[in-house]
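The residues making up each chain are set out below.
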Amino acid sequence: MKKTRSHWSVPTIAYEGPGATNALAFRHYNPDELIDGKTMSAHMRFSIAYWHSFRGTGSDPFGPGTILRPWEKGTDAVSIAKVRMDAAFEFFQKIRAPFWCFHDRDIAPEGSTLAQSNKNLDAIVAHAKDLQKATGVKLLWGTANLFSNPRFMCGASTNPDAHVFAYAAAQVKQAIDVTKLLGGENYVFWGGREGYETLLNTNLKREQDHLAAFLHMAVDYAKSIGFKGQFLIEPKPKEPTKHQYDFDVASGIAFLRTYGLESHFKFNIETNHATLAGHTFQHEIEVAAAQNMLGSIDANAGDLLLGWDTDQFNTDVKELTLAMTSILRAGGLGSGGFNFDAKLRRPSIDADDLFHAHIGGMDAYALAFKLARKILADGKFESFVADRYASFDTGFGQDIEQRRIGFKELNKLVLGKLGEPKPKSGKQEYLENLLNTYLHD
Ligand code: XLS
Ligand code: NI
Ligand code: NI
């Protein structure tokens with residue numbers, strides 16, 4: 001492969017430690033540092049989201065793009081897509097991210113027919129394969145964009161028109177094919193328009209049945225071609241639709257179990273989607289982990305004063321430390337990773353803003369990872385919680401957990417020797433202060 005010219009004047013980001021004064025350096029993310037025999041790069045599995053970082057222009061419903069990249073010029077869309085991808089892989093390397101993620105339509109232009117779109121995608125995927133080989137950057141997950149094109153305005157697999165369902169199936173078939181070709185470790189389903197605007201025109205039961213049929217077809221197809229990547233559902237309650245069927249992790253679990261899909265899917269949890277659903281990020285992680293269905297993370301943050309998916313870079317060390325504690329306690333993300341599904345603010349138009357954004361996100365996650373490891377190693381919260389439930393470890397408590405006892409026996413116990421339970425403090429303020437000793441001392 002010929003050496004392409006550099007697209008970024010910013011050099012490769014180095015780790016300079018917590019005392020660094022250089023703003024374009026890592027303070028906490030040291031990709032080569034060995035922790036428990038594994039590099040931090042391998043622990044964190046950071047990934048760059050192609051759609052935001054290389055297709056996002058800063059446009060919003062009130063105005064056009066503000067972020068102009070020098071490679072976005074020319075007339076041939078496929079040639080531009082190749083140069084853009086060169087710039088992207090150079091960025092992945094400079095920011096020290098071992099993974100990337102994409103939607104089919106992010107990387108290659110859509111043609112006037114599906115055959116033309118497939119052809120464009122194949123051409124760009126061949127280029128991506130070369131770049132992956134040359135740089136060592138790997139694919140965390142692939143996905144299909146089933147929400148931008150007007151044909152999907154009433155949904156993809158939940159569209160009332162079977163023709164649109166068929167089109168979406170054909171598109172996902174190709175997206176799984178190319179994800180496999182690029183060695184993708186996961187494949188994501190985010191049902192952006194799999195929901196409704198009004199129940200006046202919607203048969204909710206049929207739409208849910210169709211979504212399940214679609215996912216079963218995807219499972220069957222992946223098996224038929226030997227794609228071994230993990231399938232992930234990415235819940236989101238709303239936006240762009242008023243109501244999305246995979247509202248949150250809990251409703252996603254219920255959906256998967258209802259339709260016999262639970263053994264084939266895990267969850268890709270996005271911070272801002274959790275808060276839109278009225279949950280904390282940590283809550284969604286805990287609900288997935290409780291069912292052994294924690295798959296991957298879309299790392300971003302919302303704005304608590306705004307009710308939409310603002311996709312900001314997350315620098316909230318407290319929120320991330322809580323999340324990391326739950327993730328590590330659950331045994332980590334397996335084939336998943338932390339994908340920066342986050343975008344620059346509209347006025348952040350300089351090239352180095354993309355570096356500052358990712359440095360901030362990576363450093364906050366890396367610091368949270370280190371703090372969470374310390375919290376778990378000290379075990380103070382763990383032993384507090386274990387003590388809190390200790391009455392279920394022996395005697396009638398254990399009989400309850402093991403379902404060896406019923407209402408009659410418990411009634412007899414309470415009327416007899418047990419009597420009135422003694423109140424015990426939940427000690428929330430003590431625990432909040434304890435958490436702060438890790439964050440600030
Ligand atoms: C949108 C979603 C989307 C998915 C991939 O809110 O986060 O970007 O991650 O389709
Ligand atoms: Ni996402
Ligand atoms: Ni999102």
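Let me begin by describing the structure that accompanies this report. Small disclaimer: the values here were computed from a predicted structure and weren't measured.

Conventions we followed
Residues numbered from 1 in each chain as written. Chains lettered and ligands numbered in written order. Predicted model: local features only at pLDDT ≥ 70, side-chain atom pairs only at ≥ 80, totals over all residues. Heavy atoms only, no water. Near = heavy atom within 4 Å. Polar contact = N/O pair within 3.5 Å; in protein donor to acceptor, adjacent residues only side chain to side chain. Areas by Shrake-Rupley, 256 points an atom, 1.4 Å probe, with all protein chains shown as cover. Donors = N, O, S within 2.8 Å, 3.2 Å for Na, K, Ca; no water. Helix = DSSP H or I, 4+ residues; strand = E, 2+ residues; numbered from the N terminus. Buried < 20%, exposed > 50% of the residue type's maximum accessible area, 1.4 Å probe, protein only.

### Topic: the site of ligand 1
Piece 1. Neighbouring ligand 1 are the residues Trp51, His103, Trp141, Trp190, Glu234, Lys236, Glu270, His273, Asp298, Asp309 and Asp341.
Piece 2. Within the contact set of ligand 1, an oxygen atom lies 2.7 Å away from a side-chain nitrogen or oxygen of glutamate 270.
Piece 3. Contact between ligand 1 and aspartate 341: an oxygen atom at 2.7 Å from a side-chain N or O atom of the residue.
Piece 4. In isolation ligand 1 has 290 Å² of accessible area, and contact with the protein removes 94% of it.

### Some words on the coordination of the nickel ion (ligand 2)
Piece 1. Protein-derived ligands of the nickel ion (ligand 2) are Glu234 (OE), Glu270 (OE), Asp298 (OD) and Asp341 (OD), with the metal-ligand distances lying across 2.0 to 2.1 Å.
Piece 2. When the donor residues of the nickel ion (ligand 2) are listed from N- to C-terminus, their spacing reads E-x35-E-x27-D-x42-D.
Piece 3. Distance-wise, the nickel ion (ligand 3) is placed 3.8 Å from the nickel ion (ligand 2), both being coordinated by glutamate 270. Separated by 107 residues along the polypeptide, glutamate 234 in the loop between strand E10 (230-233) and strand E11 (243-244) and aspartate 341 in the loop between strand E14 (338-340) and helix H12 (351-378) bring together distant segments of the chain. In this pair, the class of glutamate 234 matches that of aspartate 341, namely buried.

### Structural notes on the coordination of the nickel ion (ligand 3)
Piece 1. The nickel ion (ligand 3) binds to the protein through Glu270 (OE), His273 (NE2) and Asp309 (OD); the donor distances cover 2.1 to 2.4 Å.
Piece 2. Each donor residue of the nickel ion (ligand 3) lies on the same chain, and together they follow the pattern E-x2-H-x35-D.

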